[in-house]
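Fold and geometry: a report
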Amino acid sequence: MMASEGWEGVGKSKLMSRSEKPAGQLGQGVRCLLIGGGLGAGKTRAIARLAAMAGKAGSRVRLLTRDHGTGHVDPAWLRSLGFEAAEVPGVGTSGKPDPLMEAIGRLAGEGHADLILAEQVGSRANLKPTVVEPLRRKSNPSLHVGPLSVVVDPGRASRIFKLESGDQVSAGLVRLFRQQLEEAELVVLSKVDLLSSERRAELRRVLEAEYPGAGVLEVSARTGEGFAPWLARLNCETGRMAQP
């Protein structure tokens, strides 16, 4: 869920992503970045920052959100910033394609975007087998799916990894947290502007040790720190991650 207050450091004029912009600088075809992570991890702010940077570089950006709360705040907030954003209802069921995968496929086929940023609902895992891998297997040479990024809230991670005391995290949330990170290709530690340098380094060490198969990035949606390397990873890794 997303609220407008507290969004600092980025003015509305810098977040505009108009459909009349020319094709961006991320390469030919449509690139797609999928973002997972728990509720409150900062996914919606993250896609807003990424979209702002890509739009400024000339990309035509479309946003898809599933982390819906009361009043569907996330897509409304994104649209208030000038983005073209839509909410994808429902989740995949046995034997049926995930609606998020179908929405991405439709957007890619319409030809109005060259970058799609999509977030998964925070209460679910399994984004990789239900959306990422099926999209990579589809014979659509114009759609390139980037590394699955999972955004991590540092406070929750600190408690789960027992780096600090505080309210105990329920077993169910711990299980979901670990399931989401186990499928990550990029682990994105968010809100690093709120951390001491010591805690930040400690969290990075733990994440790298626990999930050695994933790259670890550190970002702040408030200040913009770390988003250029994240977008650069999308640019350089998307093509080579495509599966035959």
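Above this text is the structure in question.
Residues numbered from 1 in each chain as written. Predicted model: local features only at pLDDT ≥ 70, side-chain atom pairs only at ≥ 80, totals over all residues. Heavy atoms only, no water.

**Side note on the pairing of strand β8 (residues 215–218)**
In β8, alternate side chains face the same way, and those of G215 and L217 on one face and V216 and E218 on the other are all buried. Here strand β7 (residues 186–189) pairs with β8 via four bridges, running parallel. Each residue of the ladder has a partner; that of L186, found in β8, is G215. Of the crossover connections in this fold, the one passing from β7 over helix α7 (residues 197–210) to the parallel β8 is right-handed. (Buried < 20%, exposed > 50% of the residue type's maximum accessible area, 1.4 Å probe, protein only. Helix = DSSP H or I, 4+ residues; strand = E, 2+ residues; numbered from the N terminus. Pairing = 2+ DSSP bridges. Right-handed = clockwise from strand over helix to strand, strands pointing away.)

**Re helix α4 (residues 127–137)**
Since the α-helix packs 3.6 residues into each turn, any two residues three or four apart lie on the same face. The complete set of buried residues in α4 reads L127, V131, V132, P134, L135 and R136. Each element contacted by the buried residues of α4 is listed here: β1 (30–37), α3 (99–110) and β5 (143–145). (Contact = heavy atoms within 4.5 Å.)

**Notes on the packing of α3 against α4**
At a minimum axis distance of 9 Å, the contact between α3 and α4 shows a crossing angle of 25°. Taken together, the axes of α3 and α4 are roughly parallel relative to one another. Like other packed secondary-structure pairs, α3 and α4 cross with a definite hand, here right-handed. Along the contact surface, α3 presents L100, M101 and I104, while α4 presents L127, T130, V131, P134 and L135. Residues belonging to the contact of α3 with α4 are distributed by class as follows: seven nonpolar, one polar and no charged. (Axes fitted to C-alpha atoms, helices over the stretch in contact; angles between N-to-C directions. Parallel < 35°, antiparallel > 145°, perpendicular 65-115°, else oblique. Left-handed = near helix turned anticlockwise from the far one by under 90°. Nonpolar A, V, L, I, M, F, W, Y, C, P; charged D, E, K, R; others polar.)

The values reported here are purely geometric and, on their own, carry no functional implication.
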